[in-house]
Amino acid sequence: MKKKGRKKQIGIPGVVAIMLASSLTVMVGNAITPALPELGEVYGLGNYASWLVTAPALGVTATALLFGKLIDKKGPYYTAFFGLLFYGLFGVAGAFMPNAAAIFADRFLLGAATAAIMSAGVALITVFFQGEKQLKMIALQGMSMELGGVIFLSISGMLAGFSWRYPFFIYALGFVAFFMLLLFVPKCGKAEEEVQDTQDSFQQQGVPVWLVLLIAFFGMLMFFTAMVSLPIYLQNDLGYSPSFTGYYLAVLDLVAVLAAGVMPKIVAKIHEKNCLVIAFFCYGAAFLIYFLSGHIAALGAAVLLAGAGFGLSTPLFNSLVVRKSTPKNKGTNISLCTMAMFLGQFLSALLVSGFSGKKMFLAAVVISWIAGMSILPVTKMYERKDSQSR
């Protein structure tokens, strides 16, 4: 049975609003990374200060499925509405928490707001765009996420040089995105009500959704292992300043922006699975360089590889999940992808805490390369099953 066609169109200001909202999601933990060493001292956290970066990911993981169900029932607009509002509130409030327990609770709630924004952002794109245009918009969303990191981490590094509190004020951008949503994004219902779909318009063959989610988990585990470990490595081990750390992480995000921009062209030539293999091998090469050398030239090569790993993989996760979803379960599947990615972010702190010194980088090399080498054999296995069932 065919659903009625798309009723609403979105203009450039509305697209900008969605992209601004998307830019807030990855930086939810990263915005305070340049201030991590000082936050550890203020709250008496020591080496466990890295958990402040990943605590929002726990909030995302715990609540994303709830928001996915809400999107399937009510649509993505109001999910984004409340997500952006509370993102601004909980984000800024983090600067005024009296103790460690309070700031961890605040960061958890900030993560819940982020879950709403991230799931709703992808769902809004699927409402207003389809086909090749949809992949390009999801890639643009990935670019926006990382461009936000470039800008916000640069600002955060400067602000952290004045006070550990100041980076928290970057979260006030959630209010800006909130008002842009109200002004420029048309109110819309569920995807199945807004987009014309047939029952066979989704990709049933190939690897199942759960395998895409597993790959997404490992992709974000690798990215945030770098984001969580590098501030401590650069400042405590190599003696760089918070501002240098902010700029360095911003360069990583800038490379990711550029990689996400060319990702659709790469996919068109070598297929998604090969693009993902390249991404994981880029991660592994970056961690190997960090393990071998702290020279400035080595740091430069590693940041290029780590940024490429993120930009070539993360937009693909959402795109693959969307293509393997029906209109009725699209919100749920998108939220599961959000959960998988942020579970990777959350557990990155466990990986960083579990290995001392540079051994952590070596462990990350092994994980990323095993994940990369597994993609092609697993994909071929499911392709053989599909051909035999025909």
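Located above this text is the structure these notes cover.
Scoring rules and cut-offs
Per chain, residues are indexed from 1 in the order of the written sequence. Confidence filtering applies because this is a predicted model: local features only for residues at pLDDT of at least 70, side-chain atom pairs given and counted only at 80 or more, and all residues used for totals across whole chains, interfaces and linings. As a rule here, side-chain values come from all non-hydrogen atoms in the structure, and water together with hydrogens is ignored. Labels follow the DSSP assignment, with helices taken as runs of H or I lasting at least four residues and strands as runs of E lasting at least two, numbered in each case from the N terminus. Per-residue accessibility, obtained with a 1.4 Å probe over protein chains only, is compared with the maximum for each type, and a residue is labelled buried under 20%, exposed over 50%, and partly exposed between these values. We call two residues in contact whenever any of their non-hydrogen atoms come within 4.5 Å of each other. Fitted lines through C-alpha atoms serve as axes, helices being fitted only where they are in contact, and the angles separating the N-to-C directions of these axes extend from 0 to 180 degrees. Geometric relationships in this document are graded by angle, where less than 35 degrees denotes roughly parallel, more than 145 denotes roughly antiparallel, 65 to 115 denotes roughly perpendicular, and other angles denote oblique. Crossing handedness is defined as follows: a turn of the near helix away from the far one that is anticlockwise and smaller than a right angle gives a left-handed crossing, while the clockwise case is right-handed. Note on residue classes: Ala, Val, Leu, Ile, Met, Phe, Trp, Tyr, Cys and Pro are nonpolar, Asp, Glu, Lys and Arg are charged, and everything else, Gly too, is polar. In this text, buried Ala, Val, Leu, Ile, Met, Phe, Trp, Tyr and Cys residues form a nonpolar core when linked through side-chain atoms within 4.5 Å. Aromatic contacts are taken between Phe, Tyr and Trp rings whose centres are within 6.5 Å, Trp giving its six-membered ring; a plane angle under 30 degrees counts as stacked, one over 60 as edge-to-face, and the others as tilted. What makes a patch is a set of residues exposed beyond 30% relative accessible area and free of salt bridges, joined within 9 Å when like-charged and within 5 Å when nonpolar (Val, Leu, Ile, Met, Phe, Trp, Tyr). Each accessible area is a Shrake-Rupley result for a 1.4 Å probe, and residues are judged covered by the shown protein chains and nothing else. One speaks of a salt bridge when a side-chain nitrogen belonging to Lys or Arg is within 4 Å of a carboxyl oxygen belonging to Asp or Glu. Multiplying 1.5 Å by the residue count of a helix minus one yields the expected span of that helix. In this scheme, the bend at a residue equals the angle between the axes fitted to the seven residues that finish there and the seven that begin there. Contacts described as polar in this section are N or O atom pairs within 3.5 Å, which, within protein, must combine one atom able to donate a hydrogen with one able to accept it, while residues neighboring in sequence count only if both atoms come from side chains. Throughout, disulfides are identified as pairs of cysteine sulfur atoms within 2.5 Å of each other. Charge assignment: positive for Lys and Arg, negative for Asp and Glu; neither His nor the chain ends contribute.

### Quick notes on the overall build of the chain
No. 1: Helix and strand content of the chain: 13 helices and zero strands.
No. 2: Across its three principal directions, the C-alpha atoms of the chain cover 60 × 45 × 30 Å.
No. 3: Considering the chain as a whole, with its 390 residues, one finds that 59% of them fall into the buried category.
No. 4: Counting contacts in the chain only where the partners sit at least 6 residues apart, residues at least 24 apart contribute 85% of the total.

### Here's the deal with the packing of helix α11 (residues 296–323) against helix α12 (residues 330–354)
No. 1: The N-to-C vectors of α11 and α12 enclose an angle of 150°; their axes lie 9 Å apart at closest approach. Taken together, the axes of α11 and α12 lie roughly antiparallel to each other. Note that α11 runs across α12; the crossing there is right-handed. Residues Thr314, Phe317, Asn318, Val321 and Val322 of α11 form the contact with α12, whose participating residues are Lys330, Asn333, Ile334, Cys337 and Met341.
No. 2: Tallied by class, the residues present in the contact of α11 with α12 amount to six nonpolar, three polar and one charged.

### Thoughts on the packing of helix α4 (residues 76–93) against helix α5 (residues 100–128)
No. 1: At a closest axis distance of 8 Å, the pairing of α4 and α5 adopts a crossing angle of 150°. Considered as vectors, α4 and α5 are oriented roughly antiparallel to each other. For the element pair α4 and α5, the recorded crossing hand is left-handed. For the pair α4 and α5, the contacting residues are Pro76, Tyr77, Thr79, Ala80, Gly83, Leu84, Phe86, Tyr87, Phe90, Gly91 and Ala93 in the first and Asp106, Leu109, Leu110, Ala113, Thr114, Ala116, Ile117, Ala120, Ala123, Leu124 and Val127 in the second.
No. 2: Classifying every residue of the contact of α4 with α5 by side-chain character gives 17 nonpolar, four polar and one charged.

### A word on the nonpolar core
No. 1: Counting 133 residues, the largest nonpolar core has Tyr87, Val185, Leu230, Tyr248, Phe287 and Tyr290 as its most contacted members.
No. 2: In terms of residue count, the dominant contributor to this core is helix α10 (residues 242–292) (18 residues).
No. 3: Filtering out sequence-adjacent residues up to four positions away, Leu230 remains in contact with Tyr248, Leu249, Leu252 and Tyr290.

### A word on the packing of aromatic side chains
No. 1: Tallied over the entire structure, the rule returns 23 aromatic pairs.
No. 2: Measuring from ring centre to ring centre gives 5.1 Å for Phe217 and Phe218, while their planes differ by 70°; the resulting arrangement is edge-to-face.
No. 3: The class of Phe217 is buried, set by a relative accessible area of 14%.
No. 4: Of the residues examined, Phe218 reaches a relative accessible area of 26% and is grouped as partly exposed.
No. 5: Among the aromatic residues, those joined into a ring-pair cluster are Tyr77, Tyr78, Phe81, Phe82, Phe178 and Phe179.

### What about a nonpolar patch on the surface?
No. 1: On the surface, Leu147, Ile151, Ile155, Met158 and Tyr247 cluster together to form a nonpolar patch covering roughly 420 Å² of accessible area.
No. 2: Considering each element in turn, the nonpolar patch owes the most residues, four residues, to helix α6 (residues 131–160).
No. 3: Along the chain, Met158 turns up in helix α6.
No. 4: Judged by relative accessible area, which is 40%, Met158 ranks as partly exposed.

### Quick look at the environment of Phe218
No. 1: Mapping Phe218 onto the fold places it in helix α9 (residues 209–237).
No. 2: As for Phe218 and Ser348, which are separated by 130 residues in sequence, their C-alpha atoms are 9.8 Å apart.
No. 3: Setting aside its immediate chain neighbours within four residues, Phe218 contacts Phe280, Ile367 and Ala371.

### Comments concerning the pattern of salt bridges
No. 1: For the structure on display, the rule yields one salt bridge.
No. 2: Of the charged contacts, one joins Glu272 and Arg323 as a salt bridge, the two residues approaching to 2.4 Å between their closest N and O atoms. Taken together, the residues Glu272 in helix α10 and Arg323 in helix α11 connect sequence positions 51 residues apart.

### What to know about α10
No. 1: In this model, α10 (51 residues) spans only 23 Å end to end at C-alpha, well below the 75 Å of a helix rising 1.5 Å per residue.
No. 2: In α10, a bend of some 110° at Ile270 exceeds every other bend along the element.
No. 3: Two to three positions downstream of the cap, the backbone nitrogen of Phe244 sits 3.2 Å from a side-chain oxygen, assigning the N-cap of α10 to Ser241.

### Topic: the state of the cysteines
Here is the idea: a disulfide is a covalent bond, and it sits between the sulfur atoms of two cysteines.
No. 1: Inspection of the entire model under this criterion finds zero disulfides.
No. 2: Here Cys275 is not cross-linked by a disulfide; its sulfur's nearest cysteine counterpart is in Cys282, at 9.2 Å.
No. 3: Assessed through its relative accessible area of 0%, Cys275 is described here as buried.

### Describing the side chain of Arg107
No. 1: When you line up the elements, Arg107 lands in helix α5.
No. 2: For the buried residue Arg107, which engages in no salt bridge, the nearest side chain bearing the opposite charge is Asp106, 5.8 Å off.
No. 3: With residues up to four places along the chain from it excluded, the contact list for Arg107 reads Val28, Gly29, Ile32, Leu52, Val53, Ala55, Pro56, Phe168 and Tyr171.

### Let's talk about α12
Structurally, the α-helix is built with 3.6 residues per turn, so residues lying three or four positions apart point the same way.
No. 1: End to end, α12 covers 36 Å across 25 residues, agreeing with the expected 36 Å (1.5 Å per residue, within 8%).
No. 2: The largest bend along α12 measures about 25° and falls at Leu347.
No. 3: Among the 25 residues that make up α12, 19 are buried, leaving the element largely enclosed by the rest of the structure.

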